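Coordinate inspection notes
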Amino acid sequence: RQSQTLFFFQVGHEEFQIPFGEIIYFEGAGRKIVLHTLSESIEFYGKLNETWNQLNHELFTRSHASFLVNMEYIRTIRQNELLVFNNISIPVSKRYRGQVKWDHMLFVERRNGTV
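Described in the following lines is the structure provided in the data block. (Residues numbered from 1 in each chain as written. Predicted model: local features only at pLDDT ≥ 70, side-chain atom pairs only at ≥ 80, totals over all residues. Heavy atoms only, no water.)

Topic: the side chain of Arg97
Note the cut-off: Helical segments are the DSSP runs of H or I of at least four residues, strand segments are the runs of E of at least two, and each set is numbered from the N terminus. Exposure is judged per residue with a 1.4 Å probe applied to protein chains only, and the accessible area is read against the type maximum: over 50% gives exposed, under 20% gives buried, and values in between give partly exposed. Counted as positive: Lys and Arg. Counted as negative: Asp and Glu, with His and the chain ends omitted from the count. A pair is scored as a salt bridge if a Lys or Arg side-chain nitrogen falls within 4 Å of a carboxyl oxygen belonging to Asp or Glu. Under this definition, polar contacts are N or O atom pairs within 3.5 Å; protein pairs additionally need one hydrogen-donor-capable and one acceptor-capable atom, and for neighbouring residues in sequence, both atoms have to be side-chain atoms. Here, two residues are considered to be in contact whenever any of their heavy atoms come within 4.5 Å of each other.
When you line up the elements, Arg97 lands in helix α2 (residues 94–112). One buried charged residue, Arg97, remains without a salt bridge, the closest side chain of opposite sign being Glu81 at 12 Å. Among the polar contacts made by the side chain of Arg97, one reaches the side chain of Asn80 at a distance of 2.9 Å. In contact with Arg97, not counting residues within four places along its chain, are Gln79, Asn80 and Val92.

Okay, structure coming up:
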């Protein structure tokens, strides 16, 4: 399954790996990225575009210049925000609005076996 695939990252000299399925979203914050999981938030140095290139695009969507979201955790899609696990609000910028809706529709269709 795709959600079993691992995301690799480094904090200082330590290397970590986290299954995609445990990641709710990534948040770009300057030169750092905050990885939000079900149980913790981890900061590491990196560029959001490089992180995006490591992700499975059937599972993750980009909602904003600073946010990459795991579609498994999207509960509600609104005009300017996504509500994810625990009603966390993630911004959706105008630039990515159409893409988020399209990506999520395909995600749901794949999940339901209609694609």
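Okay, back to it.
As for the environment of Ser63
Structurally, Ser63 can be placed in strand β6 (residues 60–64). In sequence terms Ser63 and Gln99 are 36 residues apart; their C-alpha atoms lie 7.9 Å from each other.

What to know about the sheet that holds strand β8 (residues 76–77)
Note the threshold: Only strands that DSSP links by at least two bridges are regarded as paired with each other.
Read across the sheet, three strands follow the order β8-β9-β10 without closing on themselves; strand pairing throughout is antiparallel. Lying at the two open borders of the sheet, with one neighbouring strand each, are β8 and β10 (88–91). Inspection of the sheet shows strand β9 (residues 81–84) paired to β10 by four bridges, in the antiparallel sense. Of the residues in β10, the one forming a bridge with Val84 is Ile88.

Overview of the environment of Glu15
Counting through the fold element by element, Glu15 comes out in strand β2 (residues 14–19). The residues touching Glu15, leaving out its near neighbours within four places in the chain, are Phe9 and Gln10.

Details of the nonpolar core
Here is the rule: We call a set of buried Ala, Val, Leu, Ile, Met, Phe, Trp, Tyr and Cys residues a nonpolar core when their side-chain atoms join them within 4.5 Å.
By size, the foremost hydrophobic cluster in this structure holds 30 residues, and its most contacted members are Phe7, Ile23, Phe26, Leu35, Leu55 and Phe60. Looking at this core, the element that brings in the most residues is strand β3 (residues 23–29), giving four residues. Excluding its chain neighbours within four sequence positions, the residues that come into contact with Phe7 are Phe16, Gln17, Ile18, Phe20, Ile23, Phe26, Leu35, Phe44, Thr51, Gln54 and Leu55.

With respect to the sheet that holds strand β4 (residues 32–37)
Strand pairing in a sheet relies on backbone hydrogen bonds, with the paired strands running either antiparallel or parallel. As a reminder, the rule being used: Note on geometry: axes are lines fitted to C-alpha atoms, helical ones only across the stretch in contact, with angles between N-to-C directions running from 0 to 180 degrees.
Pairing is antiparallel across the open sheet formed by five strands, whose spatial order is β5-β4-β3-β7-β6. In this open sheet, the two edge strands, each paired with only one partner strand, are β5 (41–45) and β6. Pairwise comparison of adjacent strand axes, ignoring direction, gives a mean angle of 20 degrees for this sheet. Relative to β5, β4 runs antiparallel, the two being bridged by five bridges.

Remarks on α2
Our working rule: Given the number of residues in a helix, its expected span is that number minus one, multiplied by 1.5 Å.
A rise of 1.5 Å per residue sets the reference length of α2, with its 19 residues, at 27 Å; its end C-alpha atoms lie 28 Å apart and thus fit the reference within 8%. Taken together, the buried residues of α2 touch β6, β8 and β9. Positioned one or two residues after α2, Gly113 has a phi angle of 75 degrees, which is positive.

Keep in mind these values describe shape, not function.
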